[in-house]
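What follows is each chain in one-letter form.
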Amino acid sequence: MSPPITLAEFSSMPVTKLKGVSDRKAKALAEMGITSLADLLTHYPRRYVDRSREASIDELERDEQGLVLVRITSVTSRRTRNRRTMVLVEAAGLAEGGGRLRLTFFNQPWRERQLRPGIEAAVFGKLEYFRGQRQMTNPVVDVIRDDGAGSQRTGRIVPIYPQSEKAGLNTWELAALVEEAIARTVGRASGTGRGFADPVPAAVLRRHGLVDRGRALRGIHAPEDMAAQQEARRRLVFDELLRVQVALVARKRHLEATTRGVTHTTDGPLVERFRERLPFPLTRAQQKAVDRIVDDLGRRYPMHRLLQGDVGAGKTVVAVAALLVAVQGGHQGALMAPTEVLAEQHHIGIAELLAGFTVGDEATLMGERPLRVALLTNRVAAAERRRVLADLAGGAVDIVVGTHALIQEGVDFASLGVAVIDEQHRFGVEQRAALRDRPDGSPPPDVLVMTATPIPRTAAMTVYGDLDVSILDELPPGRTPIVTRWARGEAEEESVWAQVRDEVAQGRQAYVVCPLIEESDRLEARSAEETHDRLTAGELAGLRVGLLHGRLKAPQKEEVMADFRAGRLDVLVATTVIEVGVDVPNATVMIVLDADRFGIAQLHQLRGRVGRGAHASTCWLVSEPGDGDEDAGDSSARLSALVETTDGFKLAEVDLDLRGEGTLMGERQTGRNDLKLASLRRDKEWVLHAREAASDIVDDDPSLSSHPDLAAEVELIVAEEDAEFLLKS
Ligand code: ADP
Ligand code: MG
């Protein structure tokens, strides 16, 4: 007898092998991305209608929410006085006792096409009375069957599949196909089919109380009851997460075993001297991160570590410690920042921190020379640039700070030992890889990527699972927390400007950030100009107000920033160009106009521009409470979260809750296509279980030679481009 069918085998079986897949159906399925039986079996129901909990229409009380099953009897549509379409549907209850119900849909003209007489549907909504008749307004509708053949499924749980209106394939047709695929796998008479292969070791399943794969597939598509659906979901969620984690852990172990980087001297004097000379002690979190990094750097394989830390957590000194490890062993360090402003600030700050440091140099009389920190951006003048390039290649520059100018052609290092990438999410994969892959074939440097846009730990484990992660989860002491307020309406906005005038009178400075206009630098710049003009003519008349936006020429930008830094400007009206890295400790007020247009992470970044000095700071989020607006609820949740907390990790959790993980996975795509059921927020504990199981499996058997089915699944799911991506990231 043949062995049970693996997922890989299912993926090589075309759906057309199933009975009743006509050309039309095959085409419709293909349009939905379903060509193999594996695609079909992992096309999971979107929701379920639990008929055991359906009410008869007469049972529902006024204003009570309920689910009823109905058959449509008539559909009409008309225009209301204010020119909206109104679709009126008359329906009869299917449950015992029948009953009649009217469904009224506003602004959903397509309902007229969807709900033809004879169709059976599950309707969920609030019962109202209108002129003595029972009705629901804009209820949730799932069409169950529309061919007039009567309810086909006698089971109590009806799966509702994501269906494609365009392709014209309905949920019961999908259900029937899945049912056939499952029946043929297990065999008509039980035990006569080949059954489903289960690639996960039985011990792992037992430890986590998970059911076998075959039972899970049956339970997700045709559950006996909702408890069966839940146990099925748990198992399949685990599988999805396990595959991603096995891919990530295996890749990490593979690199560790096969890549040779620079083995750094970790007992040199520079890091210790640096710590002693800092005007402040490192926080506990910083010390821990430095220790881990130094430990990584002493190993044979290159470090690949992510440093997550909120704005102001002090990532820079951790980065400098890493760069110094390279320098003390005779190598070089590079720090790449996403903007020129940020690179210049880092250059100034790092040169200051390392003033007076020396490195060994046999060519000199004293046997040492000053440690040299250079800047390389496209703004650096040609002659200086040539000098820097020559000295980088010759080894006379120890640390170089720059923008993507660092990865342009013609930039050669004598020996690049550590590369740090600040605000890594602002760089593309290729750019990050370019700094690491040395064109001359010298060993790859150790890499530290930093981000001030933290994501929750379990999410990081999935998105960055092949990186080691350090977290700076505490701010240096002595900071005055930033007070955040939400200004709604004109009267409140007036008090915002009053505070700006107040603070300026006391010698402080303020930022005004103009509305975000996606995709258009030009419009955004214009809106900033308009805001600037309006404020200087009105609320901020008499103050020195500067303007900064992306369309200004570099020297102009530089001049404005220099003026603001030096206190020659009181207020800076800007676009989001100031989001990253601007550091003016005297600025105490941040005003974000139309704050609802920004995401949580971006607002948090912007807020981080103040609260950098000894003075108490305020952040104002100016936003009219939008009503009628579709995502008004979301934007008010975002703004409330910012008012409530300044903890970036808490905000990241809220962000994940509000936006879902789609946006997260855009960053790195590992297994993205495979997370069909799993949710990084809902299934947090399963991420941890899967990580642990993956580590156990891979550490025990790095080439997965005793888990061929699992290996095949991972290869199948981590698609080719992702695998390539993995190698580059
Ligand atoms: P970020 O993590 O946002 O990059 P920075 O590295 O720019 O933060 O540090 C923010 C500020 O905090 C800097 O002015 C830095 O000098 C200061 N700082 C960093 N570490 C400490 C510490 N341990 N104690 C006090 N101040 C610190
Ligand atoms: Mg920083």
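Residues numbered from 1 in each chain as written. Chains lettered and ligands numbered in written order. Predicted model: local features only at pLDDT ≥ 70, side-chain atom pairs only at ≥ 80, totals over all residues. Heavy atoms only, no water.

Participant: It is not clear to me how the overall build of the chain should be interpreted in this structure. Could you clarify?
Facilitator: The helix and strand inventory of the chain stands at 25 helices and 24 strands. With the C-alpha coordinates of the chain rotated into their principal frame, the extents come out at 100 × 75 × 40 Å. At a minimum sequence separation of 6, the contacts of the chain that also span at least 24 residues come to 73%. The distance from the centre of the 94 positive side-chain charges to the centre of the 109 negative ones in the chain is 4 Å. (Helix = DSSP H or I, 4+ residues; strand = E, 2+ residues; numbered from the N terminus. Contact = heavy atoms within 4.5 Å. Lys, Arg positive; Asp, Glu negative; His and termini not counted. Charge placed at Lys NZ, Arg CZ, Asp CG, Glu CD.)

Participant: For this particular structure, what's the right way to read the packing of helix α5 (residues 171–186) against helix α7 (residues 213–221)?
Facilitator: For any two helices packed against each other, one specifies the inter-axial angle together with the distance between the axes. Running from N to C, α5 and α7 point in directions that differ by 155 degrees, and their axes come no closer than 11 Å. Comparing their axes, α7 and α5 come out roughly antiparallel. Two packed elements cross with a definite hand, and for α5 against α7 that hand is left-handed. Of the residues in α7, those touching α5 at V178, I182 and V186 are L217, R218 and H221. Taken together, the residues of the contact of α5 with α7 sort by class into four nonpolar, one polar and one charged. (Axes fitted to C-alpha atoms, helices over the stretch in contact; angles between N-to-C directions. Parallel < 35°, antiparallel > 145°, perpendicular 65-115°, else oblique. Left-handed = near helix turned anticlockwise from the far one by under 90°. Nonpolar A, V, L, I, M, F, W, Y, C, P; charged D, E, K, R; others polar.)

Participant: What am I meant to see in unusual backbone geometry here?
Facilitator: The phi angle of most residues is negative, glycine excepted, and most peptide bonds adopt the trans form. The backbone of E423 shows a phi angle near 50 degrees, a positive value even though the residue is not glycine. Within the secondary structure layout, E423 lies in the loop between β16 (416–421) and α14 (429–436). Non-glycine residue L704 carries a positive phi angle of around 55 degrees.

Participant: For this particular structure, what's the right way to read the side chain of Q499?
Facilitator: As for its position among the elements, Q499 is in helix α16 (residues 489–505). Every residue in contact with Q499, bar those within four places of it in the chain, is listed here: V589, T618 and W620.

Participant: How do you make sense of the environment of G97 when you look at a structure like this?
Facilitator: You can see G97 is positioned in the loop between β3 (85–93) and β4 (100–106). Distance from G97 to I57, taken between C-alpha atoms, is 8.2 Å for residues 40 residues apart in sequence.

Participant: What is the right way to look at the pairing of strand β22 (residues 571–574) in this model?
Facilitator: Successive side chains on a regular strand alternate, one facing one side of the sheet and the next facing the other. Because side chains alternate across β22, one face comprises the buried residues V571 and V573, and the other comprises L572 and A574, equally buried. Both strand β20 (residues 509–513) and β22 contribute to a ladder of four bridges, which runs parallel. Counterpart to A510 in the pairing with β22 is V571. For strand β21 (residues 545–548) and β22, the ladder comprises four bridges, and the chain directions are parallel. Bridge assignment links L548 to a residue of β22, and that residue is A574. Of the crossover connections in this fold, the one passing from β21 over helix α18 (residues 554–565) to the parallel β22 is right-handed. (Buried < 20%, exposed > 50% of the residue type's maximum accessible area, 1.4 Å probe, protein only. Pairing = 2+ DSSP bridges. Right-handed = clockwise from strand over helix to strand, strands pointing away.)

Participant: Would you explain the site of ligand 1 in this entry?
Facilitator: Within the structure, ligand 1 sits among 14 residues, and Q286, G312, K315, T316 and R479 are positioned closest to it. Side-chain polar atom of Q286 to a nitrogen atom of ligand 1: 2.8 Å apart, as the coordinates give it. T316 is positioned with one of its side-chain polar atoms (N or O) 2.6 Å from an oxygen atom of ligand 1. When ligand 1 is considered free in solution it has 570 Å² of accessible area, and contact with the protein chains removes 75% of it. For the shell around ligand 1, the class distribution of residues is six nonpolar, five polar and three charged. (Near = heavy atom within 4 Å. Polar contact = N/O pair within 3.5 Å; in protein donor to acceptor, adjacent residues only side chain to side chain. Areas by Shrake-Rupley, 256 points an atom, 1.4 Å probe, with all protein chains shown as cover.)

Participant: Any chance you could explain the sheet that holds strand β17 (residues 446–451) here in plain terms?
Facilitator: Within a beta sheet, neighbouring strands are joined by backbone hydrogen bonds and run either parallel or antiparallel to one another. In space, the seven strands of this open sheet follow the order β14-β15-β11-β16-β17-β10-β18, with parallel pairing throughout. With partners counted over all chains shown, the strands left at the sheet margins are β14 (373–376) and β18 (468–472), one partner each. The average angle at which neighbouring strand axes cross in this sheet is 20 degrees, direction not considered. When β14 meets strand β15 (residues 399–402), the two strands line up parallel, connected through four bridges. Within the sheet, the bridge partner assigned to A374 lies in β15 and is V400. Running over the sheet, helix α11 (residues 315–328) touches β10 (304–309), β11 (332–336), β15, β16, β17 and β18 and is turned about 170 degrees from β16.

Participant: Can you help me understand the packing of α11 against helix α12 (residues 340–353) in this one?
Facilitator: Across the interface, α11 lies against α12 with an axial gap of 11 Å and an inter-helix angle of 60 degrees. Both α11 and α12 take part in a crossing whose hand is right-handed. Note on element contacts: α12 touches α11 through H346, I350 and L353, opposite T316, V317 and V320. Partitioning the contact of α11 with α12 into residue classes produces four nonpolar, two polar and no charged.

Participant: Explanation requested: the pattern of salt bridges in the structure shown.
Facilitator: Side-chain pairing between opposite charges can occur once the charged atoms of the two side chains come close. Taken as a whole and assessed by the stated rule, the structure comprises 39 salt bridges. Measuring nitrogen to oxygen at the nearest pair gives 2.9 Å for the salt bridge that ties R194 to E9. With a gap of 185 residues between them, R194 in the loop between α5 and α6 (202–207) and E9 in helix α1 (residues 7–11) connect regions that are remote in the sequence. Residue classification places R194 among the partly exposed residues on the basis of a relative accessible area of 27%. Residue E9 is classed as partly exposed on the basis of its relative accessible area, which comes to 26%. (Salt bridge = Lys/Arg side-chain N within 4 Å of Asp/Glu carboxyl O.)

Participant: Can you help me understand the packing of aromatic side chains in this one?
Facilitator: Any pair of aromatic rings gets described here by the distance separating the centres and the angle formed by the planes. Counted under the stated rule, the structure contains three aromatic pairs. With centroids separated by 5.6 Å and ring planes inclined at 35 degrees, the aromatic side chains of F10 and F196 adopt a geometry described as tilted. With a gap of 186 residues between them, F10 in helix α1 and F196 in the loop between α5 and α6 connect regions that are remote in the sequence. Across this residue pair, the class does not change: F10 and F196 are buried. Plain terms: the ring middles of F238 and W686 are 5.9 Å apart, the flat faces sit at 80 degrees to each other, and that makes the pair edge-to-face. Here the residue F238 occupies a position in helix α8 (residues 226–258), and W686 occupies one in helix α23 (residues 684–700), the gap between them amounting to 448 residues. (Phe/Tyr/Trp six-rings, centres within 6.5 Å; stacked < 30°, edge-to-face > 60°.)

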